[in-house]
Amino acid sequence: MAAQAHQMCASLRNNLAVIGCAVLLCVMGMAASLAAPTFPALTGRIVDQAGIINTETKVAIEPKLQALEEKSGIQFVVATIKSLEGGDIETYANQLFRTWKLGETKNNNGVLLIVAPNERKLRIEVGYGLEGTLTDALSKIVIANAIAPRFKAGDFGGGIARGVDDVITILTTDASEWAKRPQIRAEDNSSQLDPAVIFIAIFLLIFVIAMMNRNGGAQQGRWVQRGKKRVFIPSNSTVPASKGYWTGGSSSSGWGGGSSSGSSWGGGSSSDGGFSGGGGSSGGGGASGDW
């Protein structure tokens, strides 16, 4: 009986060892699947796995993405995915960026705009070399003001198109010109003008007009500009508009697209045999959002 019991215990230990190994293998397999999600193939500058970008939007943004890369070497890809596969948008975006190797090897100048509609998450992932230009704060502003509101309204194409335009503007415009614009836009969108301010402004306008009429009307003339200063020249003045003056309104402002004039661009190259990453990497710079 003792020998039989000993044999049964040995058999039980062997069975438990086998079961333990099987459980361990399953856990390791699950951990591996979570650590390495299935990524879509990099088939172009627009990878619409989720099927939410309409043809009109694709036709509109594709030439802009291509022109950006050809002129500056910056590789900007837009991707939508069916699922994050249980992970978070930050980890998925960084792993996808590294898998696709966006941007040039030496410059790490890649950008990824990724949208996960099922989880209602999106992110702008930025390569190492562009973190000082397309900062985390600016990426967050683009998401909050340009993309997320349109996504909430069900306009995926419009949100992506506006997001692409704003990112390209940041990347191609001199920092001294655009640095203050996104914050101004954010403040304008997040606050309303105080009615008291409007009332005071109207009162002051009426007061100024009344005073001008009391003094015999406004003086006739025109405004001209020299450098950064605007100068009023009365119509009865004998001083001619000297060289360096120009007439007309002020220069246009706003959050527009296009690169600044006179800037020089590096030579970006595109593959003749298909689209592929350039060997770049990302350290997790950028911002995430939802809607």
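Placed above this text is the structure.
Quick caveat, the model's predicted, so the values are computed rather than measured.

**With respect to the nonpolar core**
- Formed by 33 residues in total, the largest nonpolar core has its most connected members in Phe76, Val78, Val111, Ile124 and Val164.
- Going through the elements one at a time, α2 (55-72), β2 (75-80), β3 (110-116), β4 (121-126), α4 (136-152) and α5 (156-172) are the ones with two or more residues in this core.
- Ignoring anything within four residues of it in the chain, the contact list for Val111 reads Ile74, Gln75, Phe76, Val77, Phe97, Leu102, Ile124, Glu125, Leu130, Leu134, Val167 and Leu171.
- Within the second largest apolar cluster, 17 residues are counted, among which are Val47, Ala93, Phe97 and Leu112.

**Re the pattern of salt bridges**
- If you walk through the whole model with that rule in mind, you get seven salt bridges.
- For the salt bridge of Asp290 with Lys121, the shortest nitrogen-to-oxygen distance reads 3.6 Å. Note that Asp290 is positioned in strand β8 (residues 285-290) and Lys121 in strand β4, a separation of 169 residues in sequence.
- Residues Glu125 and Arg123 are paired through a salt bridge, measuring 2.6 Å at the closest nitrogen-oxygen approach.
- Taken together, the salt bridges that share partners define one network made up of Arg45, Glu62 and Glu69.

**Considering the packing of α2 against α5**
- The contact between α2 and α5 brings their axes to 10 Å, and the two run at 15°. Classified by the interaxial angle, the pair formed by α2 and α5 is roughly parallel. The chirality of how α2 crosses α5 is left-handed. Residues Thr57, Ile61, Lys64, Leu65 and Leu68 of α2 lie in contact with α5, whose contacting residues are Gly157, Gly158, Ile160, Ala161, Val164, Asp165, Ile168, Leu171 and Thr172.

Rules and cut-offs
Residues numbered from 1 in each chain as written. Predicted model: local features only at pLDDT ≥ 70, side-chain atom pairs only at ≥ 80, totals over all residues. Heavy atoms only, no water. Core = buried A, V, L, I, M, F, W, Y, C linked by side-chain atoms within 4.5 Å. Buried < 20%, exposed > 50% of the residue type's maximum accessible area, 1.4 Å probe, protein only. Helix = DSSP H or I, 4+ residues; strand = E, 2+ residues; numbered from the N terminus. Contact = heavy atoms within 4.5 Å. Salt bridge = Lys/Arg side-chain N within 4 Å of Asp/Glu carboxyl O. Axes fitted to C-alpha atoms, helices over the stretch in contact; angles between N-to-C directions. Parallel < 35°, antiparallel > 145°, perpendicular 65-115°, else oblique. Left-handed = near helix turned anticlockwise from the far one by under 90°.

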